[in-house]
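Listed below, chain by chain, are the residues.
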Amino acid sequence: MKKFTSLVFFILFTSSLFAFTPTIWTLGDGTLGNPYQISNADELAYLAQQVNMGSNYLGIEFILAADIDLVNSPWTPIGNSVSSFSGHFNGDAHVIKNIKIDASASDCQALFGHIYGATISNLGLENGEVKGKTNVAGLVGLAKSSSVITNCYNTLSVSGIEHVGGLVGKADNSIIHQSFNTGSVFATTGEMFKNVGGITGYLRGGTIDECFNSGAIYTDSNFLIGGLAGMAEAGATIVNSYNIGTVSGVATSEAGALVGRFQQETAGTSTITACYFDKQLLPNARCIDSCHFESIAGGSLAINDTAAHNTTDLTNLVGPFGGFVLTPGLYPQNGFWTTSDVAKLAISPITFPVAENVDSVRNAFTVNTDNGVVWSCNNLHAVIVGTAGTIS
């Protein structure tokens, strides 16, 4: 009787997890020279199924062989609070789109819920929504143990309560490199020290390098909120990165254009170097690097070449600026996704007179159409024709 009951429970549990039909891969053997090839949603769901049942695929190679449409069917993350992915996943410049995760009471919610010593590279996420509780993001909920994320982007809207980020919810001793977020990120119903950020909510002893955010980051609670990271601590490093997305909270939020708060729990130094934001898009930003630095045990914060720029200056930087592609008139562009429409749209600026900003436009302005971007405006007092904007 007990065996029958357990079997029925297992079948119901498995079927409730997956809206897809998990299908084993038929191409590749998981080696560097011949990675397992994932070509459709069912094969991706098989990876999620196996990881969530305890297979971490340590050192095993995977490659995405095609764009995948998850058609807004409920997605169960690859990895959870107790099981993690430890392999190497190469998106090979493909896109996974229409991702839907609606699990507001659950932790580790993202395409990959939990990775440990893994690498994820060359992957775009477009269209969709992720709702979770703690460690919530578009790409990875929780990244630990020197995991590396490279050349990835997210456009999904993300919402959660603690450690909420555009790309990674919590990056614990892990690296986020040459990646960007354009999706909105929202955190709610939190207590102080909960955090939300454009790249990651919580950067603990890890690195953000050559990344940018253009998504709106906001909260209705007293969160730590930042354009790149909500909170950074334990020797965190942020370098060659920028934010052009709005950052907004309530009066009790600790909000920073780049980082909400740097904090050192132990002796050591956190560093922010060559990081910028557009002060005309963030006119109410209270500080350049972070609003607060708190040292509990003799730690320190090093700030180097980090400043606010107006739009014209930030779109005409004199390089080099990490691995970014610099084109006069455009924001710095990710060097891997140079032909992506998402990337092209993200770096196309609207330029106001130097004395004005997005909250106070009184005179003519310009928009950039170099990448084929067509602009429109739903404000009855503003008209855009070609590259010229006028106010009536």
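Let us look at the structure shown here.

Cut-offs and rules
- Residues numbered from 1 in each chain as written.
- Predicted model: local features only at pLDDT ≥ 70, side-chain atom pairs only at ≥ 80, totals over all residues.
- Heavy atoms only, no water.
- Helix = DSSP H or I, 4+ residues; strand = E, 2+ residues; numbered from the N terminus.
- Salt bridge = Lys/Arg side-chain N within 4 Å of Asp/Glu carboxyl O.
- Buried < 20%, exposed > 50% of the residue type's maximum accessible area, 1.4 Å probe, protein only.
- Pairing = 2+ DSSP bridges.
- Axes fitted to C-alpha atoms, helices over the stretch in contact; angles between N-to-C directions.
- Expected span 1.5 Å × (residues − 1).
- Phe/Tyr/Trp six-rings, centres within 6.5 Å; stacked < 30°, edge-to-face > 60°.
- Polar contact = N/O pair within 3.5 Å; in protein donor to acceptor, adjacent residues only side chain to side chain.

Details of unusual backbone geometry
Okay, step 1: With an omega of 0 degrees, the peptide bond running from Gly319 to Pro320 counts as cis.
Okay, step 2: Summarising the element assignment, Pro320 is placed in the loop between helix H3 (311-314) and helix H4 (341-346).
Okay, step 3: Even without glycine at this site, Asn240 takes up a positive phi of about 50 degrees.
Okay, step 4: Mapped onto the elements, Asn240 comes out in strand E23 (residues 237-243).

Some words on the pattern of salt bridges
Okay, step 1: Considering all chains together, one arrives at two salt bridges under this definition.
Okay, step 2: Note that Glu129 is salt-bridged to Lys131, the shortest N-O span being 3.9 Å.
Okay, step 3: A salt bridge links Asp172 to Arg204; the shortest N-O distance between them is 3.6 Å. A residue pair is termed long-range when its members are at least 10 positions apart, and Asp172 in strand E12 (residues 168-172) and Arg204 in strand E17 (residues 200-204) qualify at 32 residues.
Okay, step 4: Accessibility expressed as a relative area gives 11% for Asp172, which makes it buried.
Okay, step 5: Classification of Arg204 as partly exposed rests on a relative accessible area of 28%.

Notes on the sheet that holds strand E16 (residues 195-197)
Okay, step 1: With parallel pairing, five strands are arranged side by side in an open sheet as E7-E11-E16-E21-E25. Only two strands of the sheet have a single neighbouring strand rather than two, namely strand E7 (134-136) and strand E25 (254-256). Ignoring which end each strand starts from, the neighbouring axes of this sheet average 5 degrees apart.

Description of helix H2 (residues 41-52)
Okay, step 1: Taking 1.5 Å per residue as the helical rise, H2 with its twelve residues ought to reach 16 Å, and the 16 Å between its terminal C-alpha atoms agrees with that figure.
Okay, step 2: Counting buried residues in H2 gives eleven out of twelve residues, a clear majority hidden from the surface.
Okay, step 3: Residue Gly54 follows H2 closely and has a positive phi angle near 120 degrees.

Some thoughts on the packing of aromatic side chains
Geometry of an aromatic ring pair is reported as the spacing of the ring centres plus the angle between the planes.
Okay, step 1: Under the defined criterion, the tally for this structure stands at 23 aromatic pairs.
Okay, step 2: With 5.1 Å between their ring centres and 80 degrees between their planes, Phe336 and Trp337 make a pair best called edge-to-face.
Okay, step 3: By relative accessible area, which is 7% here, Trp337 ends up buried.
Okay, step 4: Within the aromatic cluster, the residues linked to one another by ring pairs are Tyr153, Phe180, Phe212, Tyr242, Tyr276, Phe321, Phe324, Tyr331, Phe336 and Trp337.

Some remarks on the sheet that holds strand E34 (residues 388-391)
Okay, step 1: The four strands are arranged E31-E32-E34-E33 in an open sheet whose pairing can be described as antiparallel. The sheet terminates laterally at strand E31 (350-351) and strand E33 (382-385), the two strands that pair on one side only.
Okay, step 2: Sheet analysis places strand E32 (residues 365-367) next to E34, joined by two bridges and oriented antiparallel. Across the sheet, residue Phe365 finds its bridge partner in E34, namely Gly389.

Let's talk about the side chain of Thr306
Okay, step 1: For Thr306, the position within the fold is in the loop between strand E29 (300-304) and strand E30 (307-309).
Okay, step 2: Judged by its relative accessible area of 12%, Thr306 falls in the buried class.
Okay, step 3: Separated by 3.1 Å, the side chain of Thr306 and the backbone oxygen of Asn304 make a polar contact.

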